[in-house]
Amino acid sequence: MADKGGDRGAAFSLKDHLFNEETLGQLAAEYAAGLPGFDAGAFLHQVLPGLPERELMERIDWIADCLEPHLASDFPTMADQIEAAMPPPLDPTLRDDDFGQFIHAVPGVLAVRHGLSEAHLPRALPLLEAAPLRFSMEFYIRPFLNAFPDAVMARLRDWTGHDTYHVRRLVSEGTRPTLPWAKRIDLDPIAMLPLLDALFADGTRFVTRSVANHLNDISKTAPDAVLGRLADWKARGVQKPGELAWMTKHALRTLIKQGYPGAMIALGYDPDAPVEVTQFDLDPASPMIGGTAQVVVALTAPEDCPVLVDYIIWFKRPGGRENAKVHKLKTGTVRPGETLTITKAHRFKGDATTYSLVPGPHRVALQVNGRICAETMIELLEP
């Protein structure tokens, strides 16, 4: 799940694209085919008028509200009915970007509402195993993990060897420490590392991307544990080198922005490389909000030095506080007797949705292999 809800501008509404008369009609037809006596017309008559006033995630709950009266009140029978109405599984020959349809998130909602008890756990977990073959259950496994950690962790360990990569991905994605918009997990994030040990060599990018994202989450509180795991995985030699290199870079992206030395070393960049900055400028030095400045960097070195070059802008906020934002520049190699010149146009967005720019002086720094090597100032002007 990658979008919390709401419109993406006047021309496109994600929530209306995902939940509308056509998609809800499809869902109604699936339940009518799998559930004798299901009144598709009555369901649609109730559910469709309630969509416009609700945001994306609220619509999933609303659809579940409207389905419940058509289902049995006891959870085991309800689970049987839900599974009977599921469409065919997603294409097993694909390897990435096959999330399914949001209308098929409803089984997770109903599992949490009616199956979150010790008595129903033996039926709820098989339902959450079947549902990811149609849509991800990463939000809905988490309440079960919090309520019944031993039993659910045992099932997750079994699922690391599941035939279906969607279920294997659920193991990693559903246990991420900071999964966006999801319920918090009460267990120590380090306790999840053995699950990732069983998944890192997976042959599908859908799974390995989740593993890397999971490690990135853990890196925010336990960076050395993540670096140690990546080193161990490399030593095992069971994942393709190119895939593991991609995973490593993706897993360390937060630490790279922070300039964490161990992350730099893991990617082959020496934080103490003898690199000299001979130029670091922004032109103009007084750009307008909404305008552009050219970032110009020149580097020299007495020996071959692989470099990962970023720049940091400490944006002033209303009230005077600063907020650092790291921007990527380039990776390359500085060679003796040569100058590595890097340029990039930076636009100072006046219409950003996540922050507003404030006129006045702002600090800018150049970061090479995680080490701040030069600083300058700019003066943002009112447009």
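See the structure above.
Description of the structure in this document.

Cut-offs and rules
Residues numbered from 1 in each chain as written. Predicted model: local features only at pLDDT ≥ 70, side-chain atom pairs only at ≥ 80, totals over all residues. Heavy atoms only, no water. Helix = DSSP H or I, 4+ residues; strand = E, 2+ residues; numbered from the N terminus. Contact = heavy atoms within 4.5 Å. Areas by Shrake-Rupley, 256 points an atom, 1.4 Å probe, with all protein chains shown as cover. Lys, Arg positive; Asp, Glu negative; His and termini not counted. Charge placed at Lys NZ, Arg CZ, Asp CG, Glu CD. Salt bridge = Lys/Arg side-chain N within 4 Å of Asp/Glu carboxyl O. Buried < 20%, exposed > 50% of the residue type's maximum accessible area, 1.4 Å probe, protein only. Pairing = 2+ DSSP bridges. Axes fitted to C-alpha atoms, helices over the stretch in contact; angles between N-to-C directions. 1 Å grid on protein atoms, 1.4 Å probe; cavity = no way out; pocket = protein on both sides within 12 Å on 5 of 7 lines; lining within 4 Å. Points joined across faces, edges and corners; volume = space filled by probe spheres on them. Nonpolar A, V, L, I, M, F, W, Y, C, P; charged D, E, K, R; others polar.

Thoughts on the overall build of the chain
Helices and strands together make up the secondary structure of the chain, namely 16 helices and seven strands. Projected onto its principal axes, the C-alpha coordinates of the chain cover approximately 80 × 55 × 35 Å. The long-range share in the chain, meaning contacts at least 24 apart out of those at least 6 apart in sequence, stands at 70%. Entry remark: accessible area of the chain is about 17600 Å², with carbon and sulfur atoms responsible for 52%. Both charge centroids of the chain, one from 39 positive and one from 49 negative side chains, sit 4 Å from each other.

Brief notes about the pattern of salt bridges
Oppositely charged side chains are able to pair whenever their charged atoms sit close together. This structure, assessed with the given rule, holds 19 salt bridges. For Arg168, the salt bridge goes to Asp202, with nearest N and O atoms at 2.5 Å. In this pair, Arg168 sits in helix H10 (residues 165–173) while Asp202 sits in the loop between helix H11 (193–197) and helix H12 (205–219), placing the two residues 34 residues apart along the sequence. For the pair Arg168 and Asp202, a shared accessibility class is recorded, and that class is buried. Put simply, Arg229 and Asp197 hold a salt bridge, and the shortest N to O gap is 2.7 Å. One end of the pair, Arg229, is in helix H13 (residues 223–236); the other, Asp197, is in helix H11, and 32 residues separate them in sequence. Take Arg229: its relative accessible area is 23%, and that puts it in the partly exposed class. Connected via shared salt-bridge partners are Glu138, Arg169, Glu173, Arg176 and Asp217.

Looking at the pairing of strand E6 (residues 360–368)
Counting buried residues in E6 gives seven out of nine residues, a clear majority hidden from the surface. Pairing of strand E3 (residues 305–316) with E6 involves six bridges; the strand directions are antiparallel. Note that in E6 the partner of Ile313 across the bridge is Val364. Across nine bridges, E6 lies against strand E7 (residues 371–380) in antiparallel orientation. Across the sheet, the residue bridging to His362 is Ile378, located in E7. Linking two consecutive strands that pair antiparallel, namely E6 and E7, is a turn of two residues; a positive phi of about 55° is found at Asn369 within it.

With respect to the side chain of Arg54
Within the secondary structure, Arg54 is located in the loop between helix H3 (40–47) and helix H4 (56–67). Beyond its immediate chain neighbours, meaning those up to four positions away, Arg54 contacts Lys15, Arg59 and Trp62.

As for the environment of Gly291
Within the secondary structure layout, Gly291 lies in the loop between strand E1 (276–283) and strand E2 (292–300). Gly291 sits 91 residues away from Glu382 along the chain, and the two C-alpha atoms are 10.0 Å apart. Contacts of Gly291, omitting those with residues within four sequence positions, involve His346, Arg347 and Phe348.

Here's the deal with the sheet that holds strand E4 (residues 322–334)
If you walk across this open sheet you meet the four strands as E4-E3-E6-E7, and the pairing is antiparallel. The sheet is open, and its two edges are formed by E4 and E7, each paired on a single side. Between one strand and the next, the sheet's axes are offset by a mean angle of 20°, whatever the strand orientation.

Looking at the sheet that holds strand E5 (residues 340–347)
Spatially, three strands are ordered E1-E2-E5 in an open sheet, and the strand pairing comes out antiparallel. With one partner strand each, in any of the chains shown, E1 and E5 form the two edges of the open sheet. In this sheet, neighbouring strand axes are inclined to one another by 15° on average, regardless of whether the strands run parallel or antiparallel. Here seven bridges tie E1 to E2, and the two strands are oriented antiparallel to one another. In the sheet register, Leu282 faces E2, and the bridge partner there is Val295.

Some thoughts on the layout of surface pockets
Taken as a whole, the second largest pocket holds about 270 Å³ of empty space. Only H13 and helix H14 (241–251) provide two or more residues apiece to the lining of the second largest pocket. It is H13 that provides the largest number of residues to the lining of the second largest pocket, a total of five residues. Looking at side-chain class alone, the lining of the second largest pocket contains nine nonpolar, three polar and one charged residues.

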